[in-house]
Amino acid sequence: MKIRLIDGSMYEVTRAEVTNGRLEIDFQNISSEEIQKIFSIPALLTNIDLLTDDDRVTGSIPGYTVYSGVMLLGDTKTLLLNTESNATAERLANAESNAIAANAAAEAAKTMSVEMATQVTDLQMAMCELYEGMGV
């Protein structure tokens, strides 16, 4: 099994899978230092292609661009990659949520304002009728 990065570089791997929300890739023939050097560049990791031994693409894994380290177990080095939290998307969702809540509050206030204005007008009319009835 092989993986191919955005720049076209290919590496032999023994496993590549998403586990507990992180991408784990096992290497046998690359040192930990080389793995760190290669996979610390987020631009190379925006889409990782999975290839067979004869270079046929079997899938791709997008979005795992944050280098989280290497675990060693015997001769196997496991690369850990995570997705970057999208703070901008979270802020936009929060802003949209706040805007919806503010709009609902404004609509409720508008409805109450119209009701209050109607009640004030009714009271003014009643007072006018009372004054007219009293001859004032």
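**Student:** Just to check I follow, could you spell out the environment of Leu-79 for this structure?
**Tutor:** Position of Leu-79 relative to the elements: it lies in strand β8 (residues 76-83). Take Leu-79: its relative accessible area is 0%, and that puts it in the buried class. Separated by 48 residues in sequence, Leu-79 and Met-127 place their C-alpha atoms 82 Å apart. Contact partners of Leu-79, with chain neighbours within four places excluded, come to Leu-23, Glu-24, Ile-25, Phe-27, Ile-35, Phe-39, Tyr-67 and Gly-69.

**Student:** Sorry, what's going on with helix α1 (residues 32-39) here?
**Tutor:** A turn of α-helix holds 3.6 residues, and therefore any two residues three or four places apart point the same way. Looking at α1, one finds that the buried residues are Ser-32, Ile-35, Ile-38 and Phe-39. Down the axis of α1, the buried side of the element spans an arc of 130°, and every buried residue falls inside it. Facing away from the buried side of α1 by more than 90 degrees, the exposed set consists of Glu-33 and Lys-37. Looking at the buried residues of α1, the elements they touch are β1 (2-4), β2 (10-12), β4 (22-27), β7 (64-73) and β8.

**Student:** Any chance you could explain the pairing of strand β6 (residues 57-62) here in plain terms?
**Tutor:** Residues in a regular strand project their side chains so that they alternate between the two faces of the sheet. As paired strands, strand β5 (residues 47-51) and β6 are joined by five bridges and run antiparallel to one another. For Asn-47, the partnering residue across the bridge sits in β6 and is Pro-62. The turn joining β5 and β6, which pair antiparallel and follow one another in sequence, is formed by five residues; a positive phi near 65° is taken by Asp-55.

**Student:** How do you make sense of unusual backbone geometry when you look at a structure like this?
**Tutor:** Keep in mind that most residues, glycine aside, have a negative phi and that most peptide bonds are trans. Although it is not a glycine, Asn-20 sits at a positive phi angle of roughly 50°. Tracing the backbone through its elements, the reader meets Asn-20 in the loop between β3 (15-19) and β4. Here Asn-20 falls in the exposed class, since its relative accessible area comes to 76%. If you check the backbone angles, Asp-55 has positive phi at about 65° while not being a glycine. Along the chain, Asp-55 falls in the loop between β5 and β6.

The rules behind each value
Residues numbered from 1 in each chain as written. Predicted model: local features only at pLDDT ≥ 70, side-chain atom pairs only at ≥ 80, totals over all residues. Heavy atoms only, no water. Helix = DSSP H or I, 4+ residues; strand = E, 2+ residues; numbered from the N terminus. Buried < 20%, exposed > 50% of the residue type's maximum accessible area, 1.4 Å probe, protein only. Contact = heavy atoms within 4.5 Å. Arc of directions from axis to C-beta. Pairing = 2+ DSSP bridges.

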